[in-house]
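Coordinate analysis (summary)
Each chain, written out:
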Amino acid sequence: MSQARPLPGFNGLRALACLSVIIYHLNQHRSVTDLALWNWDLYQFVEMWPIAVSLFFILSAITSSLPFWRAILKDTPAPKTRELFIGRFFRIAPAYYAVLIFTFLLTIVLNGYSDGAFLRFMSGATFLAWTHPFTFFPVDINGPLWYISYDMMGAILVMGTMSILVRVRKIFIPLVFLAVGGLLFALHLWFMGLPFPKLDGIVSEWFPAYNPFIFGIHFLIGILVAGALVWQEKNHSSRSLWYDLLFVLITFVFFSFLWIIREASDFDYSWLHGAHRFPLATIALALLVFLAPSTEYIGKWLDNYIFRRIARLSYSVYLWHAIVIVLMTRFAFDGQHDLPMPEWLILAGVAFVGSFSLAWISYTYIEIPVSNWWRVRCERKKTESLR
């Protein structure tokens, strides 16, 4: 299973999404007491940055669906869905399981064992944390792990949808998209109407609005972008400065929108109570992802040396960064969560250094060995089948 090179600009976009999530979580530890107006506005603006989760979903869908689209539009050999999905599992699961187990044990050491903790742990391990508000956060001190179950559900959606598209006549592809999209919307409304218990904390605001069905639309949009990108490949579309200008314009409008709505609650300016300003922000992000490979300069700039390194470690950084922040606030700042600027800068510096250091260890000794093992195994099977 050969590793396809990422499209121009994708490394940079992944790096920016990763940095946005870290800065957002650090922002929650800033003291807001007696802030100047410009500083308070900046604080609120950064609180809009979880929108990067939508960008992660779109990029993930594009990466997974590109081989299928190339088979559909460029008549390359159709990929084996089972191989791709297992490859995706081995990309996500090993580092995730390592962090999940470590955090579960660390939580017991720091806070003791709480009722239902093992059930939550198992729901996370089976990627079913999304099914109930009690299990939404698989462990107490690493909140961002909620995302992984949704990403795995998205991978199943992408693989399932693309395995259908690669088998039907091209004239029926729009009908398949309409059917899948309609089913996801219907399941979202059904899930929102279920009588789930109301729990305390942020989960009471996020659940059941955070569900794999409405997030599935983010993945579906990513699939459409991947199809458009392969269509450009097929027609040998050239890069143009006009794409750079359009990229800058959409970026300016997008961030202006986030700045204007910086005081909004989580689900304002969203359709069907969808997260992350769905679908306006989702479509804007999808357009930026689509434009990046065709830009004359921006795609190259986004793929600079630093961003490529950040993108490579981005998944492990996402998994580890909250642990570093929690340990720092607990032991270095006596559990204080609203830190004055000097202490906050120390927290931010340690969080970045610690997160990327742990991510490098995780990437080097977990992600890469497992990915290499799976790639070698697939190549060996192909070689044996050709004999």
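One can find the structure itself at the top, above this paragraph.
Residues numbered from 1 in each chain as written. Predicted model: local features only at pLDDT ≥ 70, side-chain atom pairs only at ≥ 80, totals over all residues. Heavy atoms only, no water.

Looking now at the overall build of the protein. A tally of helices and strands in the protein yields 14 helices and zero strands. In sequence order, the secondary structure elements of the protein are arranged as α-α-α-α-α-α-α-α-α-α-α-α-α-α. Compactness check: the protein gives a C-alpha radius of gyration of 21 Å against a globular reference of 21 Å for 387 residues, within 12% of the reference. Overall, the protein is about 60 × 45 × 45 Å in size when its C-alpha atoms are taken along their principal axes. Considering the protein as a whole, with its 387 residues, one finds that 52% of them fall into the buried category. (Helix = DSSP H or I, 4+ residues; strand = E, 2+ residues; numbered from the N terminus. Rg over C-alpha atoms; globule rule 2.2 N^0.38 Å. Buried < 20%, exposed > 50% of the residue type's maximum accessible area, 1.4 Å probe, protein only.)

Turning our eyes to something else, we now look at the side chain of Ser 65. Residue position: Ser 65 is located in helix α3 (residues 52–74). Residue classification places Ser 65 among the buried positions, given a relative accessible area of 0%. Excluding anything up to four places from it in sequence, Ser 65 contacts Val 158, Met 162, Gly 222, Ile 223 and Ala 226. (Contact = heavy atoms within 4.5 Å.)

This part is about the packing of helix α7 (residues 173–192) against helix α9 (residues 212–234). Taken N-terminus to C-terminus, the directions of α7 and α9 make an angle of 160°; their axes are 8 Å apart at the nearest point. Comparing their axes, α9 and α7 come out roughly antiparallel. Crossing hand, α7 versus α9: left-handed. Across the interface between the two elements, Phe 177, Val 180, Gly 181, Leu 184, Phe 185, Leu 187, His 188 and Phe 191 of α7 pack against Phe 213, Ile 214, Gly 216, Ile 217, Leu 220, Ile 223 and Leu 224 of α9. Tallied by class, residues from the contact of α7 with α9 come to 12 nonpolar, three polar and no charged. (Axes fitted to C-alpha atoms, helices over the stretch in contact; angles between N-to-C directions. Parallel < 35°, antiparallel > 145°, perpendicular 65-115°, else oblique. Left-handed = near helix turned anticlockwise from the far one by under 90°. Nonpolar A, V, L, I, M, F, W, Y, C, P; charged D, E, K, R; others polar.)

Here we take up the pattern of salt bridges. Where charged atoms of side chains with opposite charge meet at close range, the side chains can pair. A full pass over the atoms with the stated rule returns six salt bridges. Between Asp 41 and Arg 262 there is a salt bridge; the shortest N-O distance is 3.3 Å. Placement of the pair is Asp 41 in helix α2 (residues 37–46) and Arg 262 in the loop between α10 (241–260) and α11 (280–291), with a sequence separation of 221 residues. The two residues Asp 41 and Arg 262 agree in class, both being buried. Arg 91 is the salt-bridge partner of Glu 367, the closest N and O atoms lying 2.5 Å from each other. Of the two residues, Glu 367 sits in helix α14 (residues 341–386) while Arg 91 sits in helix α4 (residues 81–111), which places them 276 residues apart along the sequence. Taking the relative accessible area as the measure of exposure, Glu 367 reaches 4% and is therefore buried. (Salt bridge = Lys/Arg side-chain N within 4 Å of Asp/Glu carboxyl O.)

Where helix α1 (residues 10–27) meets α3, the closest approach of the two axes is 9 Å, and the angle between their N-to-C directions is 150°. For the element pair α1 / α3, the angle class is roughly antiparallel. Crossing of α1 against α3: the hand is left-handed. On the side of α1, the interface is formed by Phe 10, Leu 13, Arg 14, Ala 17, Cys 18, Ser 20 and Val 21, while α3 contributes Ala 52, Leu 55, Phe 56, Leu 59, Ile 62 and Thr 63. The residue inventory of the contact of α1 with α3, partitioned by class, reads 10 nonpolar, two polar and one charged.

Two aromatic rings, taken as a pair, are described by how far apart their centres are and by the angle between their planes. Counting across every chain of the model gives 52 aromatic pairs. Judged by centre distance (5.7 Å) and plane angle (65°), the ring pair of Phe 191 and Phe 213 falls under edge-to-face. On the criterion of sequence distance, the pair formed by Phe 191 in helix α7 and Phe 213 in helix α9 is long-range, its members being 22 residues apart. We classify Phe 213 as buried; its relative accessible area is 13%. Taking NZ or CZ as reference, Arg 120 lies 6.0 Å from the ring centre of Phe 134, over its face. Between the NZ or CZ atom of Arg 262 and the centre of the ring of Trp 259, over which it lies, the distance is 4.4 Å. (Phe/Tyr/Trp six-rings, centres within 6.5 Å; stacked < 30°, edge-to-face > 60°. Lys NZ or Arg CZ within 6 Å of the ring centre and 35° of its normal.)

This brings us to the environment of Trp 49. With respect to the helices, strands and loops of the structure, Trp 49 is situated in the loop between α2 and α3. Along the chain, Trp 49 and Arg 70 lie 21 residues apart, while their C-alpha atoms are 33 Å from each other. If near-sequence neighbours (up to four positions away) are discounted, Trp 49 is found in contact with Ser 20, Ile 23 and Tyr 24.

Between Phe 207 and the following residue, Pro 208, the backbone shows a cis peptide bond with an omega angle of 5°. The residue Pro 208 is located in the loop between α8 (203–206) and α9 in this model. Across the junction of Phe 278 and Pro 279, the peptide omega takes the value 0°, indicating a cis bond. Although it is not a glycine, Asp 75 sits at a positive phi angle of roughly 55°. When its relative accessible area of 65% is taken as the criterion, Asp 75 is described as exposed.

Once that is clear, we can look at the nonpolar core. In terms of nonpolar packing, the biggest core is built from 124 residues, with Ile 62, Trp 69, Phe 136, Trp 146, Tyr 210, Val 289 and Leu 319 touching the most fellow members. Looking at this core, the element that brings in the most residues is α3, giving 14 residues. What Leu 319 contacts, discounting residues up to four positions off in sequence, is Ala 95, Tyr 96, Val 99, Asn 142, Leu 145 and Ile 148. (Core = buried A, V, L, I, M, F, W, Y, C linked by side-chain atoms within 4.5 Å.)

This part takes up α9. For α9, which comprises 23 residues, the first-to-last C-alpha distance of 32 Å matches the rise-based estimate of 33 Å (1.5 Å per residue) to within 8%. After α9 finishes, the residue His 236 shows a positive phi value of roughly 50°. (Expected span 1.5 Å × (residues − 1).)

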